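So you can see what is in the structure, the chains are spelled out below.
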Amino acid sequence: MNDTIVAISTALGVGAISIIRVSGNEAVEKVNQIFRGKNLNSVLSHTIHYGHIIDDQGNDVDEVLVSVMKAPKTFTCEDVVEINCHGGIAATQKVLECVFNVGVRLAEPGEFSKRAFLNGRIDLTQAEAIIDIINGKNELALKGAMQQLNGELFAFIRTLRDKISNLLVAIQVNIDYPEYEDIEVVTKNQVLESVNEIKNKLIELIQQSKNVKMIKDGIDVLIIGRPNVGKSSILNKLLQEEKAIVTDIAGTTRDVVEGKMQIDGIQLNILDTAGIRKTEDIVENIGVNKAKSLISPADLILCVLDGTKNLEEDDKDILNLTKGKNSIIVINKTDLPLQLDLSLLDNRKYIFVNTIENNGLDLLKQEIKMMFNVDKIIGKDYNYFSNARQLSLAKSAFDALNDVETALSNDIPLDIVELEIKKVWDTLGEITGDVYTDELIDKLFSQFCLGK
Amino acid sequence: MEYNIIVVGGGHAGCEAALACARMGQKTLLITGNISNIADMPCNPSIGGPAKGIVVREIDALGGEMAKTTDKSLLQLKMLNTKKGSAVQALRAQADKVVYPREMLKTLKNQENLEIKENLVGELLTKENRIIGVKLEDGIEIKSQVVILTTGTYLKAMILVGSNKHSNGPHGEKASNYLSDSLRNLGFKLLRLKTGTPPRIAKNSIDFNKTKLETGDNQYYAFSFDKHYYYDKDNQIPCHLIYTTEKTHEIIKNNLEQSSMYGGYVEGVGPRYCPSIEDKIVRFSDKERHQLFLEPESIYYDDMYLQGFSTSMPYEVQEQMVHSLPGLENAVIKKYAYAIEYDAIDPRQLKQSLETKLIENLYTAGQINGSSGYEEAACQGLIAGINASLKLQGKEPLILKRNEAYIGVLIDDLVTKGIKDPYRLLTSRAEYRLLLRNDNADLRLREYGYQIGLVSLNIYQNFLKKKESITALISLLKKTKITPTLSTNDYLQSIGTTALKESITLYELVKRPEVTMMQLSHFIDLSSYEEEVRQQVEIESKYEGYIKKALREAEKMLHLEKVKIPIDLDYDMVPNIASEARQKLNEIHPATLGQASRISGVNPADITILNIYLKKRGCSHDK
């Protein structure tokens with residue numbers, strides 16, 4: 001466990017600078033062997049030094065800055081040296097090879113975090129947040145991940161656990177001191193009340209986590225509509241670039257086109273689709289079927305209608321397919337007189353746009369922001385479950401709360417109900433790593449990518 | 001004279017230990033400071049209560065004595081928590097303080113292989129970290145292979161009343177002043193603990209009109225599975241409930257500095273669960289009144305025990321305090337309250353068998369291990385006696401797991417977590433309390449008792465019959481179906497449960513919370529099944545889902561319990577363990593990974609690392 005490991009800890013091939021991280025008992029000594037500059041063995045902890053990495057022939061490989069951080073106040077609680085070298089695949093690889101050459105081995109996936117965790121440096125939620133930093137796709141996600149590193153989720157879960165433990169203790173006192181007549185007896189209604197309160201908080205957290213998942217992965221927006229109603233134009237206006245091929249021949253867009261845009265830091269993944277219509281064309285048919293298959297996983301569907309025409313069969317199909325989904329009806333071509341009978345839209349939300357005169361697109365963005373509570377998410381504390389394991393534990397805790405309710409309604413004695421409540425407490429504890437299970441830790445660390 | 005086993009101390013732990021050893025064929029000597037104080041109850045005249053009552057049942061299932069002796073000395077008996085689930089129900093008795101010791105002494109005197117000697121032990125004799133006997137305070141040496149210390153609160157005991165502090169055991173007995181030095185010299189870490197007892201009031205000086213009557217249950221119960229009812233349920237002696245008054249609180253507040261505790265005369269740590277009255281008034285100052293019970297001590301004398309009023313105030317303040325209570329305006333105090341300080345050993349120096357890690361064949365049990373309560377003491381005495389005898393027989397110790405008995409929870413807590421204040425057993429200390437019920441103590445532990453040799457063949461066979469009867473009744477209920485006929489549904493509605501739409505088994509019917517087992521006798525003949533068999537089946541069917549859940553949870557725990565750790569493991573050799581955990585592990589040397597995981601300061605990551613280390617070392621890892 002104490003051997004010295006190395007990995008590139010920045011994304012390969014991106015950015016002007018790459019960081020190569022070395023951790024272990026011999027980290028300083030090993031890097032010093034390939035470093036020309038100050039003698040790193042005699043520098044103070046947490047200092048940065050300018051110099052060059054040299055190969056075994058003594059030739060310069062790269063001009064670098066080296067940070068020396070000695071245990072225990074480091075990420076892994078071991079001696080850590082970080083080499084800031086020039087970015088780019090070739091340069092970085094060469095420096096890495098030099099480190100290999102002095103007998104340092106390549107870290108396994110997640111090994112740095114595993115050491116940090118095993119050395120008591122970070123708790124489980126923090127470890128998971130590191131995965132998120134690595135995977136963080138935009139600023140907001142990164143901010144969320146950073147705050148989690150500070151243990152905000154941990155603190156919130158702890159307040160929930162405190163509430164539960166208060167309840168547990170109150171019931172336990174009733175059991176252990178039955179003769180005491182002036183101790184308040186916990187009633188079923190009291191338990192129900194507390195359980196409900198905790199349930200609501202947990203639901204909110206779960207819901208928020210789903211929103212946050214969208215922040216991190218982006219909101220998948222599907223643009224769908226009959227051929228030639230202006231789907232691609234809308235996409236292009238939104239992306240402000242000519243991504244989809246726009247022609248006035250119906251059926252031009254045969255595949256799904258993807259573009260990404262940001263609304264106030266939230267990423268939209270926009271998918272334009274082939275126009276949906278009954279067609280004999282085999283290739284076009286594939287596109288149509290694909291568009292249909294994208295309806296269900298999408299977070300938001302923009303149904304585009306041509307305002308100059310009344311609803312056609314294909315339009316009705318689309319409206320049916322998207323019924324009950326998160327959707328906005330976009331009525332295009334408002335530069336021309338409206339022919340569409342709005343009463344046929346079943347009171348669904350609609351917005352008028354005009355891609356030629358650029359009208360209504362801001363309104364559309366505004367509507368999307370409102371739908372996904374973007375303002376709320378941005379302004380809020382970043383309390384959320386950042387991965388599937390946490391989310392599934394939160395759901396089990398939620399299920400356990402339901403079990404408590406069931407037990408109460410089945411007239412199960414409170415002392416047994418208390419054991420069910422204890423389960424909620426334990427499950428929430430598992431999120432923060434308070435409850436020990438082998439599998440949990442193994443599973444967690446297998447999810448880490450190399451270098452962190 | 002040479003003995004196999006010497007038991008030092010004749011309290012509840014000592015009596016159980018001595019009897020277990022003698023019954024397991026060991027030539028045993030019980031040394032006590034005063035024979036007339038054997039099995040004395042120096043505090044509460046009560047045995048049982050939540051968790052503790054279940055321990056008494058467990059003692060009985062294993063072949064111990066406390067349950068039987070309690071049954072013979074009942075003044076009053078009730079089942080607690082009857083309005084809650086069966087898992088937390090427990091018996092609580094008022095036991096006669098004259099009869100209990102008398103009956104226990106009779107049993108001891110009639111026990112083969114057991115001698116009793118009146119003396120004080122001053123020193124432990126050891127050779128190469130192994131016990132070889134004891135030296136009495138008068139200098140005489142007695143050899144033995146094993147010594148079990150059950151010295152209760154006698155080690156360097158100090159009685160405290162106000163600013164007055166003098167060396168004495170309970171009841172003004174002589175304290176044992178040399179033994180704790182001997183322990184310290186052998187390398188044991190000692191703790192200083194404190195406990196207290198309330199005043200005793202002359203019964204005929206109390207105006208009972210101002211008190212609320214607390215009677216026993218109008219139904220026969222017994223602690224022992226023998227089910228002998230020695231008492232008359234219609235003539236139980238009542239307790240009486242009163243409350244402190246505003247005046248009481250005022251007197252205490254005005255005299256706080258005079259109490260030993262607040263005057264700064266106490267070194268020992270007192271029990272959190274059983275605070276003195278001055279403690280209650282200071283810590284819960286918003287509470288207007290505190291509940292007190294007047295409990296009868298014996299039918300042979302008229303002292304009433306004033307439960308909830310333990311104090312270390314000087315005598316004259318105690319007089320004022322007592323007279324401020326309703327009904328006690330003219331009360332005569334027969335014995336004043338006092339606090340007592342004593343030495344105990346840090347129980348983390350013990351193995352789970354209760355043998356000390358430092359000195360081979362030295363066992364300790366009861367209050368010397370930092371516990372408090374007669375029941376907690378008795379069960380440790382029993383386990384120490386059993387394990388000392390098993391060791392001399394060359395057998396593995398009996399270590400009860402946390403899912404098997406409250407006794408297992410108690411001992412594991414003591415030796416793993418250690419104590420800060422005297423340890424009392426509570427139901428909330430047991431993770432699997434649904435499995436650890438009053439009703440099924442025999443089903444959990446009889447088998448062990450029989451294997452060890454403390455349960456006779458005759459009793460064991462009766463137990464097997466009971467088990468068979470339970471199985472038979474369950475299968476009868478599972479195969480008997482009732483159909484939604486008019487008469488069946490009429491009956492079901494008449495007992496307050498919903499009518500059937502399709503046929504169900506009786507087993508499913510009795511699962512309904514509102515249906516009792518006896519109501520099934522409308523459909524089948526239950527007369528051949530004993531009450532406790534019917535009760536057992538009813539509980540197991542009603543709570544089947546929850547019991548199964550608890551079993552699954554226990555299974556998870558046992559998984560870690562199966563990973564054994566060598567007792568001599570040097571944790572400095574295990575890389576990457578957090579330093580706090582390393583220090584704790586080196587101190588406690590847990591026997592299993594499960595035990596290690598329960599040490600405070602040892603976190604899950606440490607357990608992972610330890611597990612990996614053990615796997616690498618190729619230590620036994622049974623799966």
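Along every chain, residues carry numbers that run from 1 in the direction the sequence is written. The naming scheme follows written order: chains are lettered A onward, ligands numbered 1 onward. Only residues with pLDDT of at least 70 get local features here, since the model is predicted, and only at 80 or more are side-chain atom pairs given and counted; chain-wide, interface and lining totals rely on the full set of residues. By convention in this description, side-chain values take in all heavy atoms of the structure and omit both hydrogens and water.

**Things to note about the overall build of chain A**
Then comes step 1: Helix and strand definitions here come from DSSP, where helices need a minimum of 4 consecutive H or I residues and strands a minimum of 2 consecutive E residues; each element is numbered from the N-terminal end. A tally of regular secondary structure across chain A gives 15 helices and 13 strands.
Then comes step 2: Throughout this description, buried means an accessible area under 20% of the type-specific maximum (1.4 Å probe, protein chains only), exposed means over 50%, and partly exposed covers the range between. The buried share of chain A, taken over its 452 residues, is 51%.
Then comes step 3: Counted over contacts in chain A with a minimum sequence separation of 6, partners at least 24 positions apart contribute 64%.
Then comes step 4: Surface accessibility in these figures is a Shrake-Rupley result with a 1.4 Å probe; residues are shielded only by whichever protein chains are displayed. Carbon and sulfur atoms make up 51% of the accessible area of chain A, which amounts to about 20,500 Å² in all. Here a residue-residue contact requires only that any non-hydrogen atoms of the pair lie within 4.5 Å.

**Notes on the interface of chain B and chain A**
How big an interface is tends to be stated in terms of the accessible area lost upon association of its parts.
Then comes step 1: In this assembly, 41 residues from chain B lie in contact with 32 residues from chain A.
Then comes step 2: We define buried area as the total accessible area lost by two parts upon association, computed with a 1.4 Å probe and summed across both. Summed over both partners, the interface of chain B with chain A comes to about 3,400 Å²; 53% of that surface belongs to carbon and sulfur atoms.
Then comes step 3: It is Arg433, Tyr546 and Asn576 of chain B that lose the most area in chain B upon contact with chain A, and together they represent 18% of the buried surface on that side.
Then comes step 4: What counts as a salt bridge is simple: a side-chain nitrogen of Lys or Arg found within 4 Å of a carboxyl oxygen of Asp or Glu. In this structure, the connection of chain B to chain A is made through three salt bridges.
Then comes step 5: With a closest N to O distance of 2.7 Å, Lys549 of chain B and Glu420 of chain A form a salt bridge.
Then comes step 6: What qualifies as a polar contact is a pair of N or O atoms within 3.5 Å, subject to a donor-acceptor requirement within protein and to the restriction that residues adjacent in sequence count only when both atoms come from side chains. Summed over the shared surface of chain B and chain A, the number is eight residue pairs in polar contact (both at pLDDT 80 or more).
Then comes step 7: Considering every element that reaches the side of chain B that touches chain A, the biggest residue donor is helix α19 (residues 604-617) of chain B, with six residues.
Then comes step 8: Taken together, the residues of the side of chain B that touches chain A break down into 19 nonpolar, eleven polar and eleven charged. Put simply, Ala, Val, Leu, Ile, Met, Phe, Trp, Tyr, Cys and Pro go in the nonpolar bin, Asp, Glu, Lys and Arg in the charged bin, and everything else, Gly too, in the polar bin.

**Quick notes on the environment of Asp181 of chain B**
Then comes step 1: Mapped onto the elements of the fold, Asp181 of chain B is located in helix α5 (residues 179-185).
Then comes step 2: In the structure, Asp181 of chain B is positioned 48 residues away from Gly133 of chain B in sequence and 16 Å away in space, judged by C-alpha atoms.

**Observations concerning helix α4 (residues 99-109) of chain B**
Then comes step 1: In terms of residue burial, α4 of chain B counts as a mostly covered element, since eight of its eleven residues are buried.
Then comes step 2: Packed against the buried residues of α4 of chain B are α1 (12-23), β2 (28-32), β3 (46-48), α3 (66-72) and β6 (114-118) of chain B.

**Some remarks on the state of the cysteines**
Residue and element names in this part refer to chain B.
Then comes step 1: When the sulfur atoms of two cysteines come within 2.5 Å, that pair is taken as a disulfide. Applying the stated criterion across every chain yields a total of zero disulfides over all chains.
Then comes step 2: With no disulfide of its own, Cys15 lies 12 Å from the sulfur of Cys21, the closest cysteine sulfur.
Then comes step 3: By relative accessible area, Cys15 is classed as buried at 0%.
Then comes step 4: The class for Cys21 is buried, based on a relative accessible area of 0%.

**Considerations on the sheet that holds strand β13 (residues 200-202) of chain B**
Residues and elements named next belong to chain B.
Then comes step 1: The rule for pairing is simple: two strands pair if DSSP sees at least two bridges between them. With respect to topology, six strands assemble into an open sheet ordered β14-β15-β16-β17-β13-β18, the strand pairing being antiparallel. The strands lining the two open edges of the sheet, one partner per strand, are β14 (212-214) and β18 (333-335). Pairs of neighbouring strands in the sheet enclose a mean axial angle of 35 degrees, with direction left out of account.
Then comes step 2: Of the pairings in the sheet, the one linking strand β16 (residues 291-296) to strand β17 (residues 303-307) comprises four bridges and is antiparallel in character. When the bridges of β17 are listed, Glu295 appears paired with Tyr305. Axis angles are defined between N-to-C directions and span 0 to 180 degrees, where every axis is a line fitted to C-alpha atoms and, for a helix, only to the segment in contact.

**A few points about the pairing of strand β2 (residues 17-23) of chain A**
All names here are of chain A.
Then comes step 1: Most of β2 is tucked away, with five of its seven residues classed as buried.
Then comes step 2: Of the pairings in the sheet, the one linking strand β1 (residues 5-8) to β2 comprises four bridges and is antiparallel in character. Following the sheet pairing, Ala7 is matched in β2 by Arg21.
Then comes step 3: As defined by bridge partners, β2 adjoins strand β6 (residues 80-86) across seven bridges and the pair is classed as antiparallel. Across the sheet, the residue bridging to Ser23 is Val80, located in β6.

**With respect to the packing of aromatic side chains**
Then comes step 1: Planes of paired rings set the category: under 30 degrees apart is stacked, over 60 is edge-to-face and the rest tilted, where pairs are Phe, Tyr or Trp rings (Trp by its six-membered ring) whose centres lie within 6.5 Å. Tallied over the entire structure, the rule returns seven aromatic pairs over all chains.
Then comes step 2: Both rings, one in Tyr350 of chain A and one in Phe352 of chain A, keep their centres 5.6 Å apart while their planes meet at 65 degrees; by these two values the pair is edge-to-face.
Then comes step 3: We classify Tyr350 of chain A as partly exposed; its relative accessible area is 36%.
Then comes step 4: Taking the relative accessible area as the measure of exposure, Phe352 of chain A reaches 34% and is therefore partly exposed.
Then comes step 5: Relative to Tyr336 of chain B, the ring of Tyr315 of chain B lies with its centre 4.1 Å away and its plane at 20 degrees, an arrangement referred to as stacked. Of the two residues, Tyr315 of chain B is situated in helix α8 (residues 315-323) and Tyr336 of chain B in the loop between β18 and β19 (338-345); the sequence distance between them amounts to 21 residues.
Then comes step 6: For a Lys NZ or an Arg CZ to count as sitting over a ring, it must be within 6 Å of the ring centre and within 35 degrees of the ring normal. Across from the ring centre of Tyr507 of chain B, 4.7 Å away, lies the NZ or CZ of Lys478 of chain B, which sits over that ring.

**So, the nonpolar core**
If you look at soluble globular proteins, the nonpolar side chains tend to sit buried side by side.
Then comes step 1: Take the buried Ala, Val, Leu, Ile, Met, Phe, Trp, Tyr and Cys residues and link them wherever side-chain atoms come within 4.5 Å; each set so joined is a nonpolar core. If you look at the biggest cluster of nonpolar residues, it comprises 102 residues, and the most contacted ones within it are Val134, Ile148, Leu183 and Ile407 of chain B.
Then comes step 2: Counting residues per element, this core draws most heavily on helix α9 (residues 374-392) of chain B, at ten residues.
Then comes step 3: Not counting residues within four places of it along the chain, the set of residues in contact with Leu183 of chain B comprises Leu124, Leu149, Leu155, Phe188, Leu190, Ile345, Leu362 and Ile368 of chain B.
Then comes step 4: Among the nonpolar cores identified, the runner-up in size contains 47 residues, and Leu167 and Phe398 of chain A together with Ile547 and Met557 of chain B belong to it.

**Comments concerning the confidence of the model for chain A**
Residues and elements named next belong to chain A.
Then comes step 1: For chain A, per-residue confidence averages 75 on the pLDDT scale, and residues scoring 70 or more make up 71% of the total.
Then comes step 2: Scored below 50 in pLDDT, residues 134-139 shows nine contacts in the model against residues more than four places distant or in partner chains.
Then comes step 3: Every residue in residues 242-255 is under pLDDT 50, and counting partners more than four places away or in other chains gives 39 contacts. Confidence scores here are pLDDT values: one per residue, from the predictor, ranging 0 to 100.

**Some remarks on the sheet that holds strand β12 (residues 190-197) of chain B**
All names here are of chain B.
Then comes step 1: Pairing is antiparallel across the open sheet formed by four strands, whose spatial order is β11-β10-β19-β12. The sheet is open, and its two borders are formed by β11 (164-167) and β12, each paired with just one other strand. Sheet twist, expressed as the mean angle between neighbouring strand axes with direction ignored, is 25 degrees.
Then comes step 2: The pairing of β12 with β19 spans eight bridges and is classified as antiparallel. Residue Leu190 lies in a different strand from β19, and its bridge partner there is Ile345.

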